[in-house]
Each structure stands twice: as C-alpha cells, then as structure tokens.
Amino acid sequence: MTTAKIAVLVSGGGTNLQALIDAQNSGIIKSGRIALVISNKSDAYALERARTNNIDTAIVRRAEGVDIEDQIIKLLDEYEIDLIVLAGFMCILSEKFTSRYPERIINVHPSLIPSFCGKGFYGLKVHEAALEYGVKVTGATVHFVNEVPDGGRIIMQKAVAVGAHDTPEMLQRRVMRQAEWKILPEATEKVCREIVKNSKKR
Ligand code: GAR
C-alpha cells in the first residue's frame, strides 16, 4: 500500500473536512487520500464541499430501516477504507462499531481533553462550558476513538488562549482556526503514514 484510503464522517458545515481537502491538495497529507465522505444529515454543507472536490459522498439515515452503523460498515467495506476520520460527526459510535476498527478511527474534539469532553460535550456546548468555567486556555485534541466517548489515546493537542470578552462563537472560531484545522490534517497524515508503513512489514 502506498496511500491509505480515508473516509471522513461529517454532520455539519465541514470546515474540518475543508482543512483535510486543502491539506491533501497542498501535500501536507501525502500518505492518505480521501475516498469517501459520509454524512448522517442530508443537508450538511460538508457534502457540498466534497462534491465540489469530486469526492464520493453517501448519506446514512436511521429511517432506512437498517442500523446507521451497519450502513457505514457496508460503505467502508465497499471502498476498502483504511482510516475513518470523524470531523464534526455528531453521533456516538457503539462499542460494536469501534472495536471493529482499533486505532483506525480518529476524532477532532474542540477542547484540551480531559477537559470539557465526553457525553453531552459537542460543538458550541464545549466552548460555552469552557467560558462558564472561566478557563484562560483551551484548545483542540485529535485522538483515537474507542468505546469511551472522547476517551481514546491522544494523538495531538494544541492550546488556544481564551479572550476576556469571548462569546462561545468567537472562541469556537479561534479554536478552529488556530488548532483544529492544523492538527486534524497533521494527525491524519501521521496515522496514514503509520498505516502505510505497517502494511509494508506484512
Ligand atoms: C468542530 O468544532 C469539531 O471539533 C466539533 O464540531 C465542530 C464541527 O465543525 N466536534 C465535536 O464537538 C465532536 N465532539 P465543522 O463541521 O465545521 O468541521
């Protein structure tokens, strides 16, 4: 294997997906290639970003009668995916799913884990909690995904200063710009490089 095949799972705007696409285009990601974008929301703007860049897309829905995770597994098998990147994917994956892909699923979380993470901490809620607590430094974390929400091994973290007059939206944007959009592509390349290296040992 010379490049790992990546699936990106999304639910919303997809700015992190955009950062991954940009990193692929600029050569920051060179050991992997985004082969598929999967969304659990049919109106996610992230899907537009994928289509604009000629990346295959798929929508998974509970209404189809088949379990969402089973739909995802089928797609991952079909595309022979090596690495799953959760980029603003707002569903908690079951142990049945995560145990199938040990150290093959990574997630970006908008805080310095173990602060402001776990069940109920997602999106803007994370930044609201950080401001409520009064921390002066927050940031982002990329970690492997296991059965514990936000509990897998940490791959990369980056700290970001909290401004005295920040709103949750201001803080979210700064954490994205200064941390998430940098460490998600870097961590993706790091993990892809390992996957490719290990495939050659076999
Ligand atoms: C990002 O801030 C990401 O870290 C967060 O949702 C946002 C998605 O934005 N994820 C979580 O909170 C997961 N627990 P995007 O769709 O623009 O990438």
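Above this note sits the structure.
Residues numbered from 1 in each chain as written. Predicted model: local features only at pLDDT ≥ 70, side-chain atom pairs only at ≥ 80, totals over all residues. Heavy atoms only, no water.

Participant: How would you summarise the side chain of R49 if you had to cite specific residues and measurements?
Facilitator: By secondary structure assignment, the location of R49 is in helix 2 (residues 45-52). Here G14 takes part through its backbone oxygen, which lies 3.3 Å from a polar atom of the side chain of R49. In this structure R49 touches G13, G14, T15, L17, Q18 and I21, once residues within four positions along its chain are discounted. (Helix = DSSP H or I, 4+ residues; strand = E, 2+ residues; numbered from the N terminus. Polar contact = N/O pair within 3.5 Å; in protein donor to acceptor, adjacent residues only side chain to side chain. Contact = heavy atoms within 4.5 Å.)

Participant: Can you tell me about the site of the ligand, naming the residues and giving the values?
Facilitator: In the vicinity of the ligand lie 15 residues, with G14, T15, N16, G123 and E180 positioned nearest. The contact in question runs from an oxygen atom of the ligand to an N or O atom on the side chain of N16, over 3.0 Å. Burial of the ligand by the surrounding chains reaches 92%, relative to a free accessible area of 450 Å². Elements represented by at least two residues in the shell around the ligand include exactly helix 1 (15-26), strand 5 (105-109) and helix 6 (168-201). Among the residues making up the shell around the ligand, the classes are represented as six nonpolar, eight polar and one charged. (Near = heavy atom within 4 Å. Areas by Shrake-Rupley, 256 points an atom, 1.4 Å probe, with all protein chains shown as cover. Nonpolar A, V, L, I, M, F, W, Y, C, P; charged D, E, K, R; others polar.)

Participant: Describe the packing of helix 5 (residues 124-133) against helix 6, listing the residues and the values that go with them.
Facilitator: Contact geometry for helix 5 and helix 6: axes closest at 9 Å, N-to-C directions at 110°. Comparing their axes, helix 6 and helix 5 come out roughly perpendicular. Where helix 5 crosses over helix 6, the two elements pack in a sense that is right-handed. Residues L124, H127, E128, A130 and L131 of helix 5 pack against P168, E169, L171, Q172 and V175 of helix 6. (Axes fitted to C-alpha atoms, helices over the stretch in contact; angles between N-to-C directions. Parallel < 35°, antiparallel > 145°, perpendicular 65-115°, else oblique. Left-handed = near helix turned anticlockwise from the far one by under 90°.)

On their own, these measurements won't tell you what the molecule is for.
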